[in-house]
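# Secondary and tertiary structure notes
This is what each chain is made of:
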Amino acid sequence: PDSSLTMEHKNNRLARLVRSYEEKLEQGVPFYMEAADLADIVEYYTGQGRDYDAETCLRIAQNLHPDDVDLSLQRAYILKNAGKWEEALEIVVNVNDPSRRSYGMFMAEYNLASLNFKNAVKCIEELLQQTQEGFDLYDTMEEAAEIFFDYGFFDQSLFYLNKIPAHYEQYLRCQSLKADCLFHKRQPQEAAAILNETIDASPYDDQLWTIMADGQ
């Protein structure tokens, strides 16, 4: 499928969900929404830096769906982002479902934060072995690459990024991360070459120009 259309469809769906949720919230009366939809809204707020809105939505979601595992994992991630690692770990350990990407990613990051690189790689490799071919697999590789990049393991980040094919819908973003890794590894010519190709494909992307400027 056309990746740009796929992403546009996802963004439109999310915009409708957020609008519907906020309208229900403004009415001030009890309402119901599916757990998966509320989880997407929490993720949206988190990505926008709207921590209060994310916390409010997650609290409502867990009241409606107290046994939902994905919502519990989102709670753990919010605690983790607040620096409350041990509280977050307690939730994740109780979930104990290695087949879930959010579980595997959390454990990988926890190990990196604990300076246990080998265990972090093991968590990701186990997760990849359980992930089917296709965009789910590439999503997992991209997220793993971002985590290792954030902790300064640029070679491991590149290891995953180099496995992601050009037809993946977030390929340009992966290429920009690859260039960022190469700049950090003091390989500016290789990084600039990748970024120049990526900028040609998406010339109005501010993030790409920012990475190029920072690298230079």
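Refer to the preceding data block for the structure.
Residues numbered from 1 in each chain as written. Predicted model: local features only at pLDDT ≥ 70, side-chain atom pairs only at ≥ 80, totals over all residues. Heavy atoms only, no water.

## Side note on the overall build of the protein chain
As a reminder, the rule being used: Secondary structure elements follow DSSP: runs of H or I no shorter than four residues count as helices, runs of E no shorter than two count as strands, and numbering proceeds from the N terminus. All radius of gyration figures rest on C-alpha atoms, and the globule criterion is 2.2 Å times the number of residues raised to 0.38. Under the scheme applied here, a residue whose accessible area is under 20% of the maximum for its type counts as buried, over 50% as exposed, and between as partly exposed, the area being computed with a 1.4 Å probe on protein chains only.
Of the regular secondary structure elements, the protein chain holds 12 helices and zero strands. Compactness check: the protein chain gives a C-alpha radius of gyration of 19 Å against a globular reference of 17 Å for 216 residues, within 12% of the reference. Summarising its shape, the C-alpha atoms of the protein chain cover approximately 60 × 40 × 30 Å along the three principal directions. Out of the 216 residues in the protein chain, the part that is buried amounts to 42%.

## Topic: the packing of aromatic side chains
Let me state the cut-off plainly: Pairing of aromatic rings covers Phe, Tyr and the six-membered ring of Trp, with a centre-to-centre limit of 6.5 Å; geometry is then stacked below 30 degrees between planes, edge-to-face above 60, and tilted otherwise.
For the coordinates displayed, the defined rule picks out 14 aromatic pairs. A centroid spacing of 5.8 Å and a plane angle of 80 degrees characterise the contact between Tyr 77 and Phe 106, whose relative ring orientation is edge-to-face. With Tyr 77 in helix α4 (residues 69-81) and Phe 106 in helix α6 (residues 101-113), this residue pair connects regions lying 29 residues apart in the sequence. Its relative accessible area of 18% is what places Tyr 77 among the buried residues. Exposure remark for Phe 106: the relative accessible area of 0% places this residue in the buried category. Judged by centre distance (6.4 Å) and plane angle (80 degrees), the ring pair of Phe 148 and Phe 153 falls under edge-to-face.

## Observations concerning a nonpolar patch on the surface
Operational definition: Within the patch definition used here, like charges are joined within 9 Å and nonpolar side chains (Val, Leu, Ile, Met, Phe, Trp, Tyr) within 5 Å, considering only residues with over 30% relative accessible area and no salt bridge. Each accessible area is a Shrake-Rupley result for a 1.4 Å probe, and residues are judged covered by the shown protein chains and nothing else. Salt bridge criterion: a side-chain nitrogen from Lys or Arg within 4 Å of a carboxyl oxygen from Asp or Glu.
Together, Phe 117, Tyr 151 and Phe 153 make up a nonpolar patch on the protein surface, roughly 230 Å² of accessible area in all. Checked against the element boundaries, Tyr 151 lands in the loop between α8 (135-150) and α9 (154-161). Assessed through its relative accessible area of 31%, Tyr 151 is described here as partly exposed.

## Some remarks on the nonpolar core
As a reminder, the rule being used: We call a set of buried residues a nonpolar core when its members are Ala, Val, Leu, Ile, Met, Phe, Trp, Tyr or Cys and they connect through side-chain atoms within 4.5 Å of each other. Any two residues having at least one pair of non-hydrogen atoms within 4.5 Å are treated as being in contact.
Core analysis: the largest hydrophobic core is formed by 50 residues, its most contacted members being Phe 106, Ile 124 and Tyr 160. Once residues within four sequence positions are removed from consideration, Tyr 160 is found in contact with Val 121, Ile 124, Glu 125, Leu 128, Met 141, Ala 144, Ala 145 and Phe 148. Core analysis: the next-biggest nonpolar cluster, separate from the first, contains 17 residues, Phe 31, Val 42, Ala 54 and Cys 57 among them.

## A few points about the environment of Ala 76
Considering the arrangement of structural elements, one finds Ala 76 in helix α4. Residues Ala 76 and Arg 16, spaced 60 residues apart in sequence, show a C-alpha to C-alpha distance of 26 Å. Leaving out residues up to four positions away in the same chain, Ala 76 has contacts with Ala 88, Ile 91, Val 92 and Phe 106.

## Looking at α4
Put simply, the rule is: Expected helix span is given by 1.5 Å per residue-to-residue step, counting one fewer step than there are residues. Two N or O atoms form a polar contact when they lie within 3.5 Å of each other; inside protein one atom must be a possible hydrogen donor and the other a possible acceptor, and for residues adjacent in sequence the pair counts only when both atoms belong to side chains.
Compared with the 18 Å implied by 1.5 Å per residue over 13 residues, the 19 Å span of α4 between its first and last C-alpha is a close match. By the burial criterion, the buried members of α4 are Leu 71, Ser 72, Leu 73, Gln 74, Arg 75, Ala 76, Tyr 77, Leu 79 and Lys 80. Those residues of α4 hidden inside the fold are in contact with α2 (35-47), α3 (51-64), α5 (85-95) and α6. A side-chain oxygen of the first residue of α4 lies 3.1 Å from the backbone nitrogen of Asp 70; this N-cap is Asp 68. One or two residues past the end of α4 sits Gly 83, with phi positive at roughly 85 degrees.

## Section: unusual backbone geometry
Even without being a glycine, Leu 115 presents a positive backbone phi close to 65 degrees. Turning to its location among the elements, Leu 115 is positioned in the loop between α6 and α7 (117-129). At Arg 186, a residue that is not glycine, the phi angle is positive and equals roughly 60 degrees. Here Arg 186 shows up in the loop between α10 (171-184) and α11 (188-201). Residue Arg 186 is classed as exposed on the basis of its relative accessible area, which comes to 67%.

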